[in-house]
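So you can see what is in the structure, the chains are spelled out below.
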Amino acid sequence: MLTKRIIPCLDVKDGRVVKGVSFVNLRDAGDPVEIAKAYDKDGADELCFLDITASHENRKTILDVVAKTAEQVFMPLTVGGGVRTLEDIRNLLTAGSDKVSINTAAVERPEFVKEAAGRFGTQCIVVAIDAKRCVRRAPGAKRRLDETEESCGSAHSWEVFTHGGRKPTGIDAVEWAKKMEGYGAGEILLTSMDQDGRLNGYDLELTAAVSNAVSIPVIASGGVGTLEHLYDGFVKGKADAVLAASIFHYRTHTIPEAKAYLRQKGIAVRLAEG
Amino acid sequence: MIAIIDYGMGNLRSVQKAFETVGHRAVVTRDPRAIADASHVVLPGVGAFADCMANLEQYGLVEPIWKTIASGKPFLGICLGLQLLFTESEEFGLHKGLGVLPGRVKKFPWGLAPDRVPVPGLREGQAPAEPEPVPRLKVPHMGWNGVTVTREAPPLRGIASGEHVYFVHSYYVEPQDQSVVATTTDYGLPFASSVWRDNIFACQFHPEKSQATGLRIVKNFGEWS
């Protein structure tokens with residue numbers, strides 16, 4: 001039986017992990033390779049690096065990080081952040097990344113996803129969607145300036161944002177996911193901007209809406225604070241994989257704890273072998 | 001020396017690193033002479049079937065692959081490198097493969113609209129009384145799944161049924177001769193997740209991405225003679 005995946009995500013800036021990471025017994029808590037090895041030992045199913053390096057010159061550092069990680073860790077590795085050209089993708093794959101995630105560049109030019117999937121295969125193209133609740137509007141209608149999460153009530157949908165969540169696009173997240181599947185995305189990495197960082201659970205409604213609308217795997221992201229949230233992501237959100245940062249970084253819970261909990265609740269997970 | 005065939009597709013570095021980590025020397029090459037001189041040969045691959053075949057032809061690698069297989073030296077196919085060994089693939093039309101193993105590469109029927117999913121055991125013209133429950137599984141089949149070992153191929157030494165390996169694929173192989181199947185894996189249907197015939201071992205999963213279990217297979221392959 002295909003098991004559900006647990007994917008720790010690391011924010012990498014100028015080649016170093018940012019956001020607190022409180023692994024014990026690490027020589028260097030900011031070194032992505034060290035942290036990747038620790039997660040590998042813990043039985044993480046995949047790893048995700050999000051490159052948040054601001055300056056263009058320093059972007060090459062991620063390639064170095066990927067290359068060093070791939071030399072020591074034998075599990076799938078996804079890298080996202082600032083992927084804009086076929087050249088970017090080729091460089092990341094050559095360095096040792098297995099998948100790349102595309103966000104803003106896909107919205108700016110959807111054909112890019114088609115070209116990338118055609119060139120490198122759908123299996124390595126992840127489309128990342130940052131979505132936020134908004135009032136359900138007629139197609140093409142403008143977003144209201146005064147709308148808030150509360151004012152959405154039950155008649156809400158989700159809007160795609162780009163540029164790290166700063167820029168609204170007017171695109172409906174569920175429709176966008178379907179379109180990206182048609183363009184050759186092999187997987188959707190779905191982040192709820194309303195929930196991200198709040199530690200009170202994934203946006204389950206959003207996750208289920210997208211997961212039911214596409215036939216490719218969906219990774220839930222944004223909001224995990226407890227192990228029950230992971231369970232809900234799989235069962236209520238119908239996610240194929242869950243991404244989490246804080247609960248693992250701060251050692252609120254370890255991956256073996258998460259897997260033991262999920263297994264006991266009847267979710268098929270892989271326990272580390274050997 | 002192990003030769004990893006480079007035909008411009010896929011992430012070969014991780015395959016090479018996996019071999020090096022378990023103590024085997026490996027080179028990434030498209031030189032037919034290096035392939036002929038190697039003690040073991042690996043055909044990796046990701047991407048589309050037709051593109052990969054086109055690249056193999058363009059680089060003049062089809063003949064060297066046939067020769068190396070005929071020579072009897074251990075040969076490992078990974079993912080698309082498994083599929084390419086078969087007669088033909090249904091990926092984006094019908095495409096000829098290397099034809100080393102008789103059989104066809106087919107797409108998982110899941111993820112399609114329910115009315116396009118074949119309902120087993122239904123006679124022609126017979127309508128089901130109740131809508132049949134249709135497995136709605138995601139395609140690609142992506143993630144960690146278990147293997148059931150049916151024949152203990154030398155590279156599978158020490159691998160037990162139920163161990164998990166990493167998959168990412170939308171197509172699976174259906175060998176004409178089922179006796180070549182070495183492991184099966186269940187994804188809505190049981191499919192051949194690896195095959196073994198003589199000096200050929202080929203797997204749909206990625207041993208180079210399957211942590212300890214995968215590295216053991218890589219190590220075993222390098223020790224196979």
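Quick summary incoming for the structure in this document. In this convention, every chain numbers its residues from 1, walking through the sequence in written order. Here every chain gets a letter starting at A, and every ligand a number starting at 1, in the order they are written. Reporting of local features is limited, given that this is a predicted model, to residues whose pLDDT is at least 70; pairs of side-chain atoms are given and counted only at 80 or more, and all residues count toward the totals for whole chains, interfaces and linings. Think of the side-chain values as coming from all heavy atoms in the structure, minus any hydrogens and water.

Before going further, it helps to examine helix 1 (residues 12–21) of chain B. Only protein chains enter the accessibility calculation, which uses a 1.4 Å probe; a residue whose area is less than 20% of its type maximum is buried, one above 50% is exposed, and one in between is partly exposed. Numbered from the N terminus, helices here are DSSP runs of H or I no shorter than four residues, and strands are runs of E no shorter than two. Taken as a whole, helix 1 of chain B has its buried residues at B:Leu12, B:Ser14, B:Val15, B:Lys17, B:Ala18 and B:Phe19. Of the surrounding elements, those touching the buried residues of helix 1 of chain B are helix 2 (61–72) of chain A together with strand 1 (2–5), strand 2 (26–29), strand 3 (40–43), strand 4 (75–78) and helix 6 (211–223) of chain B. Following helix 1 of chain B by one or two positions, B:Gly23 adopts a phi angle in the positive range, close to 90°. Any two residues having at least one pair of non-hydrogen atoms within 4.5 Å are treated as being in contact.

Here the focus is the packing of helix 2 of chain A against helix 1 of chain B. Two elements in contact, helix 2 of chain A and helix 1 of chain B, have axes separated by 8 Å at closest approach and are oriented at 45°. Classed by the angle they form, the pair helix 2 of chain A and helix 1 of chain B counts as oblique. Taking contact as the criterion, the partners of A:Ala67, A:Ala70 and A:Glu71 in helix 2 of chain A are, on helix 1 of chain B, B:Arg13, B:Lys17 and B:Thr21. Residue composition of the contact of helix 2 of chain A with helix 1 of chain B, by class: two nonpolar, one polar and three charged. Each axis is a line fitted through C-alpha atoms, taken for helices only over the stretch in contact, and angles between the N-to-C directions span 0 to 180 degrees. Between 65 and 115 degrees an angle is taken as roughly perpendicular, under 35 as roughly parallel, over 145 as roughly antiparallel, and anywhere else as oblique. Residues were grouped as follows: Ala, Val, Leu, Ile, Met, Phe, Trp, Tyr, Cys and Pro as nonpolar; Asp, Glu, Lys and Arg as charged; and all remaining residues, including Gly, as polar.

With that out of the way, let us pick up the environment of B:Thr150. All names here are of chain B. You can see Thr 150 is positioned in the loop between strand 9 (148–149) and strand 10 (164–169). Classification of Thr 150 as partly exposed rests on a relative accessible area of 46%. Taking the C-alpha atoms as reference points, Thr 150 and Lys 209, 59 residues apart in sequence, are found 22 Å from one another. With near-sequence residues (within four places) excluded, Thr 150 lies in contact with Val 181, Ala 182, Thr 183 and Thr 184. A polar contact of 3.1 Å, which involves the side chain of Thr 150, links it to the backbone oxygen of Val 181. Within 3.5 Å is the distance limit for a polar contact, defined as a pair of N or O atoms, with the added protein rule that one can donate a hydrogen and the other accept it, and that residues adjacent in sequence qualify only through two side-chain atoms.

For two strands to be treated as a pair, DSSP must find at least two bridges joining them. Here eight strands make up an open sheet; going across it, the order is 2-1-3-4-14-13-12-9 (chain B) and the pairing mixed. Looking along the sheet, the strands with just one partner apiece sit at the ends: strand 2 and strand 9 of chain B.

On to the packing of helix 2 of chain A against helix 3 (residues 86–95) of chain A, then. Residue and element names in this part refer to chain A. Contact geometry of helix 2 with helix 3 gives a least axis separation of 8 Å together with a crossing angle of 30°. When the axis of helix 2 is compared with that of helix 3, the two are roughly parallel. Along the contact surface, helix 2 presents Ile 62, Leu 63, Val 66, Ala 67 and Ala 70, while helix 3 presents Asn 91, Leu 92 and Ala 95. Of the residues contributing to the contact of helix 2 with helix 3, the split by class is seven nonpolar, one polar and no charged.

This next bit is on the interface of chain B and chain A. In this complex, chain B contributes 34 residues to the contact, which on the side of chain A involves 37 residues. Interface area for chain B against chain A, summed over the two sides, is near 2800 Å², with a carbon-plus-sulfur share of 51%. Buried area: the accessible surface (1.4 Å probe) lost by two parts on joining, summed over both. Ranking the residues of chain B by area buried against chain A places B:Lys138, B:Met142 and B:Trp144 at the top, with a combined share of 25%. When a carboxyl oxygen of Asp or Glu lies within 4 Å of a side-chain nitrogen of Lys or Arg, that pair is called a salt bridge. The interface formed by chain B and chain A holds three salt bridges in total. In this structure, B:Lys138 engages A:Asp240 in a salt bridge whose closest nitrogen and oxygen atoms are separated by 3.0 Å. Seen at the junction of chain B and chain A, the total is 16 residue pairs in polar contact (both at pLDDT 80 or more). Breaking the side of chain B that touches chain A down by element, the ones donating at least two residues are helix 1, strand 8 (141–146), strand 10 and helix 6 of chain B.

With that settled, consider the pairing of strand 7 (residues 101–107) of chain B. Residue and element names in this part refer to chain B. Sheet topology note: the strand 5 (residues 86–89)/strand 7 ladder contains three bridges and is parallel. Residue pairing in the sheet places Phe 86 in a bridge with Leu 101 of strand 7. As paired elements, strand 7 and strand 11 (residues 171–175) share five bridges and run antiparallel to each other. Looking at strand 11, one finds that Gly 103 is bridged to Pro 175.

A separate point is the packing of aromatic side chains. Only Phe, Tyr and Trp rings take part, Trp by its six-membered ring, and two of them pair if their centres are within 6.5 Å. Stacked means planes under 30 degrees apart, edge-to-face means over 60, and tilted covers everything else. One pass over the full model with this rule turns up nine aromatic pairs over all chains. Ring centres of B:Phe221 and B:Trp224 lie 6.1 Å apart, and the angle between their planes is 70°; this geometry places the pair in the edge-to-face category. Given a relative accessible area of 1%, B:Phe221 falls into the buried group. What links up through ring pairs into an aromatic cluster is the set B:Phe108, B:Phe167, B:Tyr172, B:Tyr187, B:Phe191 and B:Phe205. When the ring centre of A:Phe161 is taken as reference, the NZ or CZ atom of A:Lys132 above it lies at 5.5 Å. The rule is short: NZ of Lys or CZ of Arg within 6 Å of the ring centre and within 35 degrees of the ring normal puts a charge over the ring. Sitting over the ring of A:Tyr231, A:Lys265 keeps its end group 4.2 Å from the ring centre.

Here the focus is unusual backbone geometry. Residue and element names in this part refer to chain B. A cis amide bond links Val 139 with the next residue in sequence, Pro 140, at an omega value of 10°. With respect to the helices and strands, the residue Pro 140 is situated in the loop between strand 7 and strand 8. One non-glycine residue, Phe 92, lies in the positive phi region at around 50°. When you line up the elements, Phe 92 lands in the loop between strand 5 and strand 6 (95–96).

Working definition of a nonpolar core: buried Ala, Val, Leu, Ile, Met, Phe, Trp, Tyr and Cys residues. They are joined through side-chain atoms within 4.5 Å. Core analysis: the biggest nonpolar cluster contains 77 residues, and A:Phe49, A:Ile89, A:Ile129, A:Ile188 and A:Leu230 have the highest contact counts within it. Excluding anything up to four places from it in sequence, A:Ile188 contacts A:Val126, A:Val127, A:Ile129, A:Ala177, A:Met180, A:Val210, A:Ile216, A:Pro217, A:Val218 and A:Ile219. Counting 35 residues, the second-largest nonpolar core is a separate cluster that includes B:Ile2, B:Leu12, B:Ala18 and B:Ala26.

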